[in-house]
Amino acid sequence: MLYPKRIEKVVLVASLTIGNAMGISQAPNAAMKALGGYDGTRDAMKRLLEALIIDKSRITDKLIDERQAAATRPGALDSFKNLGKAIQATRDDPLLSHRVGMKESLPLLAKQIPTIFLWGAADPFAVPETGKGVEKLLPGVKFHWIEGAGHQVQTDKPDESVKIILDFLKK
């Protein structure tokens, strides 16, 4: 947002954070509970992936172990907890929430920089209704609704996601 001249194109992927920053609220759901319940254990990572990914066959031991290793590297869990606190504090503070709100800034940015949004049509975390609300506020942004994909479109539909992104970047 601060340096748009440094950016050529923007690819966004299903984002409840952006939805909230654009004034769209969403009721808590089971996927949010799984994220909030992540306690650093492998079992909790498996539950989290099962809550976010539609195609359960993609949740392999390798994927669980890779995500678990990333999530438990030194300082990662503390950073995750602090991020949650910071997001809430920002939402609760009128001055800070005004500075990070995107209802006006993201549509303006998208007019200057080509932008696309990928959203899983079956997203259990940032539900499609939230995405449809964001889409209405971003008329200049091409939304790609990925059928059979949840919150992690890149995991549920990697080939389709890569094709959409590469086609966009090549233009």
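Computed from a predicted structure; not experimentally measured.

(A) Up close: the pairing of strand E1 (residues 10–13). With burial as the criterion, only one face of E1 is covered, namely that bearing Val10 and Leu12; the residues Val11 and Val13 on the opposite face remain uncovered. As defined by bridge partners, E1 adjoins strand E2 (residues 115–120) across four bridges and the pair is classed as parallel. Bridged to Val11 within E2 is Ile116.

(B) Up close: the packing of aromatic side chains. The tally for this structure, following the rule as stated, stands at four aromatic pairs. When the ring of Phe117 is compared with that of Phe143, the centres are 4.8 Å apart and the planes differ by 20°; the resulting orientation is stacked. Of this pair, Phe117 sits in strand E2 while Phe143 sits in strand E3 (residues 142–146), placing them 26 residues apart in sequence. For the ring pair Trp119 and Trp145, a centre distance of 5.9 Å and an interplane angle of 35° mean the geometry is tilted. Taken as a pair, Trp119 in strand E2 and Trp145 in strand E3 lie far apart in primary sequence, 26 residues in all. Judged by relative accessible area, which is 0%, Trp119 ranks as buried. Here the aromatic cluster, defined as three or more aromatic residues joined through ring pairs, consists of Phe117, Trp119, Phe143 and Trp145. Note that Arg6 overlies the ring of Tyr3, its terminal NZ or CZ placed 4.2 Å from the centroid.

(C) Spatial organisation of helix H10 (residues 158–170). The terminal C-alpha atoms of H10, which comprises 13 residues, lie 18 Å apart, in line with the 18 Å expected from a rise of 1.5 Å per residue. Looking only at H10, the buried set comprises Ser161, Ile164 and Phe168. One side of H10 holds all its buried residues, which, seen down the axis, span an arc of 70°. Looking at H10, the residues exposed on the side facing more than 90 degrees away from the buried face are Asp159, Lys163 and Lys170.

Conventions and cut-offs
Residues numbered from 1 in each chain as written. Predicted model: local features only at pLDDT ≥ 70, side-chain atom pairs only at ≥ 80, totals over all residues. Heavy atoms only, no water. Buried < 20%, exposed > 50% of the residue type's maximum accessible area, 1.4 Å probe, protein only. Helix = DSSP H or I, 4+ residues; strand = E, 2+ residues; numbered from the N terminus. Pairing = 2+ DSSP bridges. Phe/Tyr/Trp six-rings, centres within 6.5 Å; stacked < 30°, edge-to-face > 60°. Lys NZ or Arg CZ within 6 Å of the ring centre and 35° of its normal. Expected span 1.5 Å × (residues − 1). Arc of directions from axis to C-beta.

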